[in-house]
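Now for the letters of each chain:
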Amino acid sequence: MEKTIEINGKKMKMRASALLPRLYRGYFGRDMICDMRKLQKAYAAAEKSIETDGKTDEEVDAEKKDAQLSVTDLTIFENVAWLMLKHGGEKVGGSPEEWLDNLDGVFSVYEILPQILDMWNINNMTTSKPKKK
């Protein structure tokens with residue numbers, strides 16, 4: 001699956017395929033499936049801590065800034081984002097650090113992460129149907 005997202009006003013193409021976990025293991029020496037499960041749980045917990053009832057968009061944005069993901073979760077996010085961009089053909093340098101260093105300013109994790117998680121979930125959906133017994 002491919003998707004064009006906007007990071008700091010620049011449109012960039014991300015790609016998720018069956019090759020991604022293997023690439024992730026090769027680059028980072030970690031299991032992407034386990035890391036993505038952990039990231040999904042951490043994101044869900046952070047989102048759950050943000051109450052939107054009766055609040056303005058500005059108040060919700062302020063709460064999002066205060067909602068915290070751990071350093072490990074942010075590292076997983078940065079690694080996955082970089083790899084999906086690299087897999088999509090973007091010129092993002094040789095490492096996540098190089099990509100982040102070349103960005104103009106910062107971007108909201110809470111704008112990009114949901115798109116990455118959606119791509120991951122769609123990519124992992126099965127098309128097979130269980131046989132009835």
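Residues numbered from 1 in each chain as written. Predicted model: local features only at pLDDT ≥ 70, side-chain atom pairs only at ≥ 80, totals over all residues. Heavy atoms only, no water.

What follows is about helix 6 (residues 109–123). With 15 residues, helix 6 should cover 21 Å at 1.5 Å per step; its first-to-last C-alpha distance of 21 Å lies within 8% of that length. The set of residues buried in helix 6 consists of Val109, Tyr110, Ile112, Leu113, Ile116, Leu117, Met119 and Trp120. (Helix = DSSP H or I, 4+ residues; strand = E, 2+ residues; numbered from the N terminus. Expected span 1.5 Å × (residues − 1). Buried < 20%, exposed > 50% of the residue type's maximum accessible area, 1.4 Å probe, protein only.)

By the secondary structure assignment, Tyr24 is in helix 1 (residues 20–28). Sequence separation between Tyr24 and Val80 is 56 residues; the distance between their C-alpha atoms is 7.7 Å. Setting aside anything within four residues of it in sequence, one finds Tyr24 in contact with Gly29, Arg30, Asp31, Met32, Asp35, Ile76, Asn79, Val80 and Leu83. (Contact = heavy atoms within 4.5 Å.)

Let us now look at helix 1. Among all positions of helix 1, only Leu20, Pro21 and Tyr24 are buried. The buried residues of helix 1 occupy an angular sector of 95° when projected down its axis, which confines them to one face. Exposed and oriented more than 90 degrees from the buried face of helix 1 are Arg22 and Gly26. As for helix 1, its buried residues are in contact with strand 2 (10–15), helix 2 (32–48), helix 4 (71–87) and helix 6. Directly beyond the C-terminal end of helix 1, a positive phi value near 65° is found at Gly29. (Arc of directions from axis to C-beta.)

Next up on the list: the nonpolar core. The nonpolar side chains of a soluble globular protein tend to be buried with one another. Ranked by internal contacts, the top residues of the largest apolar core, which has 34 residues, are Ile7, Met14, Phe77, Trp99 and Ile116. Where this core is concerned, the elements lending two or more residues are strand 1 (2–7), strand 2, helix 1, helix 2, helix 4 and helix 6. Apart from the residues within four sequence positions on either side, Met14 is in contact with Met1, Glu2, Lys3, Ile5, Ala81, Met84, Leu85, Gly88, Ile112, Ile116 and Met119. (Core = buried A, V, L, I, M, F, W, Y, C linked by side-chain atoms within 4.5 Å.)

Without other data, these values stay purely geometric and don't point to any function.
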